[in-house]
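Residues per chain, in single letters:
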Protein chains: 2
Amino acid sequence: MSDQKGSYQQGPDPKGADIPRLQPSATVSLLDPSKDPRPAQGAGANLLFLREEEIRLAQDLLFFAYRDFTNAADVILEELELGRAHHRALHFIGRNPGITVSDLLTILRITKQSLARVLTVLMEQGYVGQAQGRSDRRQRLLSLTPAGQALERRLFERQRERLLAAYREAGGAAVDGFRRVMRGIMDEQARAYLDQSDPNEPKAKRA
Amino acid sequence: MSDQKGSYQQGPDPKGADIPRLQPSATVSLLDPSKDPRPAQGAGANLLFLREEEIRLAQDLLFFAYRDFTNAADVILEELELGRAHHRALHFIGRNPGITVSDLLTILRITKQSLARVLTVLMEQGYVGQAQGRSDRRQRLLSLTPAGQALERRLFERQRERLLAAYREAGGAAVDGFRRVMRGIMDEQARAYLDQSDPNEPKAKRA
DNA sequence: AAAGTAAGTCAACAAAGCTGACGTAATGCG
DNA sequence: CGCATTACGTCAGCTTTGTTGACTTACTTT
């Protein structure tokens with residue numbers, strides 16, 4: 001532990017080289033509880049503390065959670081010389097077998113040319129297969145080959161571990177809250193996609 | 001507890017506009033409930049459905065929520081010819097005034113060279129200022145100028161709207177769950193950073 | 001005085017977006 | 001039928017943001 005980062009010297013440093021422990025002065029000034037503008041309202045039972053700091057914390061949460069979650073699969077991707085873009089395509093094709101190219105584009109919100117780059121590789125390597133649309137033969141219906149399913153599963157397992165641990169730690173009620181908030185953050189379009197994609201949630205089953 | 005988000009009607013086809021409505025057959029086959037491997041465990045009232053589908057849903061949630069959340073600030077960034085990387089730097093400098101370059105690097109997990117690129121612009125445009133470290137004069141302590149604070153606030157407001165709406169919709173309990181799960185997803189290092197950064201939260205961890 | 005550390009910088013390269021311009025089937029409609 | 005439209009593919013070039021590697025310049029530490 002020869003290298004003390006910065007000029008802080010306080011207590012037992014848990015891990016020499018990881019966490020930037022910022023100057024307490026700086027940090028504290030930012031979060032000074034004495035200037036907590038929280039109004040002392042006594043309305044409903046579960047009132048929200050919609051202070052600025054709460055929102056800023058959420059920004060942090062999204063950044064770190066997303067970063068580390070996506071990162072979980074990188075080890076595998078690297079050894080196969082694939083990138084995250086490939087993983088994303090694999091994921092959504094796996095979740096929507098028989099999806100058309102244009103539908104996939106709409107989900108990913110990237111251009112045809114960007115998708116082509118990853119799709120070409122995935123097909124060349126035998127992870128994704130095409131089939132001509134039955135009703136519209138211009139369409140190319142995408143799906144995972146057995147190899148693609150296997151790869152997707154390997155990638156999935158890595159992320160699953162993380163999620164599982166987080167879910168266990170947080171508890172079932174928290175998981176429900178997590179889902180609700182995440183849904184609320186995304187666009188209406190994405191919410192609609194999820195509703196339609198998961199026949200469990202929308203209790204409207206059809207034939 | 002289940003949030004009945006209303007059902008979508010199958011009426012006119014979703015052409016062009018937004019959501020790719022996938023072939024029901026394809027979707028359903030993926031989510032066949034008949035092969036639900038959910039174990040009949042009895043660990044308390046709120047047992048978790050740790051089925052595969054739940055985890056895969058979370059993958060979707062993270063993708064869409066992160067995408068749309070970060071996207072919220074893009075309009076402003078674009079007119080200033082800045083990118084998301086600039087926003088990230090601005091955010092973390094704003095949240096940690098007086099942060100050193102190396103601490104910022106640790107938080108962002110990028111290289112010095114990558115950071116230099118955005119930091120140079122931010123300083124040239126007068127959004128970020130430097131100060132020599134007092135105890136260690138090699139350090140450059142970064143902080144937002146008034147202009148930087150103003151810009152950061154503009155960006156913040158856009159994201160805030162989204163979060164606020166999501167928080168209101170989901171309710172206070174859900175927000176707490178959201179935070180817990182998000183914390184659980186990220187690395188220990190990131191959790192430690194958050195704990196140390198926010199003197200409110202850090203309490204006895206994990207029961 | 002020597003070694004190590006914080007920060008800056010040049011140069012080259014990679015991943016994954018983007019726009020623009022076309023080409024080719026297949027579909028749909030007047 | 002014939003022509004416009006649509007779904008998909010592809011070439012070419014550019015942008016953003018990340019990476020290595022190789023130094024340099026100040027300080028600090030030993």
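Provided above is the structure to which this section pertains.
Residues numbered from 1 in each chain as written. Chains lettered and ligands numbered in written order. Predicted model: local features only at pLDDT ≥ 70, side-chain atom pairs only at ≥ 80, totals over all residues. Heavy atoms only, no water.

Before going further, it helps to spend a moment on the protein's contact with DNA strand D. In the vicinity of DNA strand D lie 25 residues, with Lys 112 and Arg 138 of chain A together with Arg 88, Ser 114 and Arg 117 of chain B positioned nearest. When atoms of DNA strand D within 4 Å of the protein are sorted by moiety, sugar and phosphate together comprise 53%. Contact between DNA strand D and Arg 138 of chain A: a base oxygen at 2.5 Å from a side-chain N or O atom of the residue. Arg 137 of chain B is positioned such that a nitrogen or oxygen atom in its backbone is 3.1 Å from a phosphate oxygen of DNA strand D. (Near = heavy atom within 4 Å. Polar contact = N/O pair within 3.5 Å; in protein donor to acceptor, adjacent residues only side chain to side chain.)

With that out of the way, let us pick up the protein's contact with DNA strand C. In the region of DNA strand C, 24 residues are neighbours, and Arg 88 and Arg 117 of chain A together with Lys 112, Gln 130 and Arg 138 of chain B sit closest. Taking the atoms of DNA strand C that fall within 4 Å of the protein, sugar and phosphate contribute 54% of them. The contact in question runs from a phosphate oxygen of DNA strand C to an N or O atom on the side chain of Arg 88 of chain A, over 2.4 Å. At a separation of 2.6 Å, a phosphate oxygen of DNA strand C approaches a polar side-chain atom of Gln 130 of chain B.

Where helix α7 (residues 146-170) of chain A meets helix α2 (residues 52-71) of chain B, the closest approach of the two axes is 10 Å, and the angle between their N-to-C directions is 90 degrees. As far as their axial angle goes, α2 of chain B and α7 of chain A are roughly perpendicular. Contacts between α7 of chain A and α2 of chain B involve Glu 152, Arg 153, Phe 156, Gln 159, Arg 160, Leu 163, Leu 164 and Tyr 167 of chain A on the former and, on the latter, Glu 52, Glu 54, Ile 55, Arg 56, Ala 58 and Gln 59 of chain B. Tallied by class, residues from the contact of α7 of chain A with α2 of chain B come to 6 nonpolar, 2 polar and 6 charged. (Axes fitted to C-alpha atoms, helices over the stretch in contact; angles between N-to-C directions. Helix = DSSP H or I, 4+ residues; strand = E, 2+ residues; numbered from the N terminus. Parallel < 35°, antiparallel > 145°, perpendicular 65-115°, else oblique. Contact = heavy atoms within 4.5 Å. Nonpolar A, V, L, I, M, F, W, Y, C, P; charged D, E, K, R; others polar.)

Now for empty space enclosed by the protein. In the structure shown here, the tally under the stated rule is 3 cavities of 30 Å³ or more. One number sums up the size of the largest cavity: a volume of about 200 Å³. Together, Tyr 66, Phe 69, Thr 70, Arg 84, His 87, Arg 88, His 91, Phe 92 and Gln 159 of chain A together with Gln 59, Leu 62 and Phe 63 of chain B line the largest cavity. Only α2 (52-71) and α4 (84-95) of chain A together with α2 of chain B provide two or more residues apiece to the lining of the largest cavity. When the residues that make up the lining of the largest cavity are grouped by side-chain class, the tally is 5 nonpolar, 5 polar and 2 charged. (1 Å grid on protein atoms, 1.4 Å probe; cavity = no way out; pocket = protein on both sides within 12 Å on 5 of 7 lines; lining within 4 Å. Points joined across faces, edges and corners; volume = space filled by probe spheres on them.)

Remark: a regular strand shows side chains that alternate across the two faces of the sheet. All names here are of chain A. With 2 bridges connecting them, strand β1 (residues 99-100) and strand β3 (residues 140-144) associate as antiparallel partners. Looking across to β3, one finds that Ile 99 is bridged to Leu 142. For strand β2 (residues 128-132) and β3, the ladder comprises 5 bridges, and the chain directions are antiparallel. Within the sheet, the bridge partner assigned to Val 128 lies in β3 and is Leu 144. (Pairing = 2+ DSSP bridges.)

A rise of 1.5 Å per residue sets the reference length of α2 of chain B, with its 20 residues, at 28 Å; its end C-alpha atoms lie 29 Å apart and thus fit the reference within 8%. Within α2 of chain B, 18 of the 20 residues are buried, which leaves it mostly tucked inside the rest of the structure. (Expected span 1.5 Å × (residues − 1). Buried < 20%, exposed > 50% of the residue type's maximum accessible area, 1.4 Å probe, protein only.)

A word on the sheet that holds β2 of chain A. Hydrogen bonds between backbone atoms are what pair the strands of a sheet, whose relative direction is either parallel or antiparallel. Residue and element names in this part refer to chain A. Taken in spatial order, the 3 strands make up an open sheet running β1-β3-β2, and their pairing is antiparallel. Each having just a single partner strand, β1 and β2 make up the two edges of the open sheet. Sitting on the sheet, α4 is in contact with β1, β2 and β3, with an inclination near 100 degrees to β3.

Scanning the model with the defined rule gives 37 salt bridges over all chains in all. One salt bridge in this structure joins Arg 95 of chain A and Glu 53 of chain B, with 3.2 Å as the shortest N-O distance. In this pair, Arg 95 of chain A sits in helix α4 while Glu 53 of chain B sits in helix α2, so the two residues belong to two different chains. Just as Arg 95 of chain A is buried, Glu 53 of chain B falls in that class too. We note a salt bridge from Arg 162 of chain B to Asp 187 of chain A, for which the minimum N-O separation is 2.5 Å. Taken together, the positions of Arg 162 of chain B in helix α7 (residues 146-170) and Asp 187 of chain A in the loop between α8 (172-185) and α9 (188-197) put the pair across two chains. The exposure class assigned to Arg 162 of chain B is partly exposed, which follows from its relative accessible area of 23%. One salt-bridge network, in which partners are shared between bridges, spans Glu 52 and Arg 56 of chain A together with Glu 152, Arg 153, Glu 157 and Arg 160 of chain B. (Salt bridge = Lys/Arg side-chain N within 4 Å of Asp/Glu carboxyl O.)

For the rest of this paragraph, the subject is the side chain of Asp 68 of chain A. Along the chain, Asp 68 of chain A turns up in helix α2. With a relative accessible area of 1%, Asp 68 of chain A lands in the buried category. Here the side chain of Asp 68 of chain A touches Arg 67 of chain A through a polar contact of 2.9 Å, side chain to side chain. Once you skip the residues sitting within four places of it in the chain, Asp 68 of chain A turns out to touch Arg 162 of chain A together with Arg 109, Ile 185, Met 186, Asp 187 and Ala 190 of chain B.

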